[in-house]
Amino acid sequence: MNPRPLVAGNWKMNGLKAAFAELSAIRDAVSQFPKENVDFAICPPATLVSAAADMTRGTRLKIGGQDCHTKISGAHTGDISAAMLADAGAAYVILGHSERRADHHESDALVRAKAEAAIRAGLVAVVCVGETKDQRVAGDTLKVVEAQVDGSLPPGATADNLVIAYEPVWAIGTGLTPTAADVAEVHAFIRAQLKRLVPDAADGVRILYGGSVKPANAAELMAVANVNGALIGGASLKCDDFIRIAAAYK
Ligand code: 13P
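This is a predicted model, so every value here is computed, not measured. (Residues numbered from 1 in each chain as written. Predicted model: local features only at pLDDT ≥ 70, side-chain atom pairs only at ≥ 80, totals over all residues. Heavy atoms only, no water.)

Caption draft 1: Spotlight on the layout of surface pockets. Empty space within the largest pocket amounts to approximately 540 Å³. What lines the largest pocket is a set of 22 residues, among which Lys-12, Met-13, Gln-66, Asp-67 and Arg-100 lie closest to the centre. Looking at the lining of the largest pocket, the element that brings in the most residues is helix H4 (residues 98-103), giving three residues. In the lining of the largest pocket, the residues fall into eight nonpolar, eight polar and six charged. Considering the residues around the second largest pocket, the lining is formed by 18 residues, among which Asn-2, Pro-3, Pro-5, Val-227 and Tyr-249 are closest to the centre. Along the lines of polarity and charge, the residues of the lining of the second largest pocket split into eleven nonpolar, four polar and three charged. (1 Å grid on protein atoms, 1.4 Å probe; cavity = no way out; pocket = protein on both sides within 12 Å on 5 of 7 lines; lining within 4 Å. Points joined across faces, edges and corners; volume = space filled by probe spheres on them. Helix = DSSP H or I, 4+ residues; strand = E, 2+ residues; numbered from the N terminus. Nonpolar A, V, L, I, M, F, W, Y, C, P; charged D, E, K, R; others polar.)

The following block contains the structure:
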């Protein structure tokens, strides 16, 4: 059986309180979504997580963070722990996004430690992997993705607490996307790798595609084998686009 699709939005560093209007529109639209077995999440900036979770409690729209610390609490000024996200009402946390790997020099080992902390706190860890343009041109995509999955996968990963997002760095925010065949190759490769690393969980772990997912390309990308949903950046900021992407699952 295919894993239950997850349509998730990553708002990145976008969203003031005024964005709650859009969030409530997404919550309401998602509640009317015709297909039962699709999961939805929005990951707003940390400042909005608690209020967003309050606004969506008991609905089909779950809330996630965009990062967490490896520790539960302590002297780490400016950081947020997985326990804090869970306490604020989050269900998911994005980890190892390429923007954090680049801006904050996050290594695979750090991402793994964060994912472990997330799982301990009861969150679903959405671990991001993906190659840069140079790495793709050099023919290193599978090698890069393999090393990232290998290095970032937390111990104790199950289909319920781990999601992988394949996000080619060059496709993020550029309007460029890999071909369906390229996406199929990487997702099948990750699935095979999961079968080696976590044999019992492998078939159930959602592998999302992310990078310039739009209403116009969602149906094609979501139909690819082993693509179990989308991690959407820019297009998740607007209810209309988010729901039109989710419509790939009608
Ligand atoms: P875009 O959809 O804006 O390309 O961003 C993708 C992404 O980085 C989601 O995490």
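Caption draft 2: Here's a closer look at the site of the ligand. Taken together, 13 residues surround the ligand, and among them Lys-12, His-97, Gly-173, Ser-212 and Gly-234 come closest. Taking Gly-234, its main chain carries an N or O atom lying 2.8 Å from an oxygen atom of the ligand. Relative to its unbound accessible surface of 310 Å², the ligand loses 96% to contact with the protein. Looking at the shell around the ligand residue by residue, the classes come out as four nonpolar, seven polar and two charged. (Near = heavy atom within 4 Å. Polar contact = N/O pair within 3.5 Å; in protein donor to acceptor, adjacent residues only side chain to side chain. Areas by Shrake-Rupley, 256 points an atom, 1.4 Å probe, with all protein chains shown as cover.)

Caption draft 3: Broad picture of the nonpolar core. Grouped together as the largest cluster of nonpolar side chains are 65 residues, with contacts concentrated most on Phe-40, Ile-164, Ile-190 and Leu-194. Excluding its chain neighbours within four sequence positions, the residues that come into contact with Ile-190 are Val-129, Val-145, Ile-164, Tyr-166 and Ile-207. Core analysis: the next-biggest nonpolar cluster, separate from the first, contains 13 residues, Leu-6, Cys-43, Tyr-92 and Leu-208 among them. (Core = buried A, V, L, I, M, F, W, Y, C linked by side-chain atoms within 4.5 Å. Buried < 20%, exposed > 50% of the residue type's maximum accessible area, 1.4 Å probe, protein only. Contact = heavy atoms within 4.5 Å.)

Caption draft 4: Examining the packing of aromatic side chains more closely. Using the criterion set out here, one finds three aromatic pairs in the structure. When the centroid spacing of 5.1 Å and the interplanar angle of 75 degrees are considered together, the rings of Phe-33 and Phe-40 count as edge-to-face. Judged by its relative accessible area of 4%, Phe-33 falls in the buried class. Each member of the aromatic cluster is reached from another via a ring pair, and the members are Phe-33, Phe-40 and Phe-242. (Phe/Tyr/Trp six-rings, centres within 6.5 Å; stacked < 30°, edge-to-face > 60°.)

Caption draft 5: Unusual backbone geometry, seen in detail. Located in the positive-phi region is Lys-12, a residue other than glycine, with phi close to 55 degrees. Following the sequence through the fold, Lys-12 ends up in the loop between strand S1 (6-10) and helix H1 (20-31). Phi angles above zero are rare outside glycine, and Ser-212 is one such case at about 55 degrees. Among the secondary structure elements, Ser-212 is positioned in the loop between strand S7 (206-210) and helix H9 (215-222).

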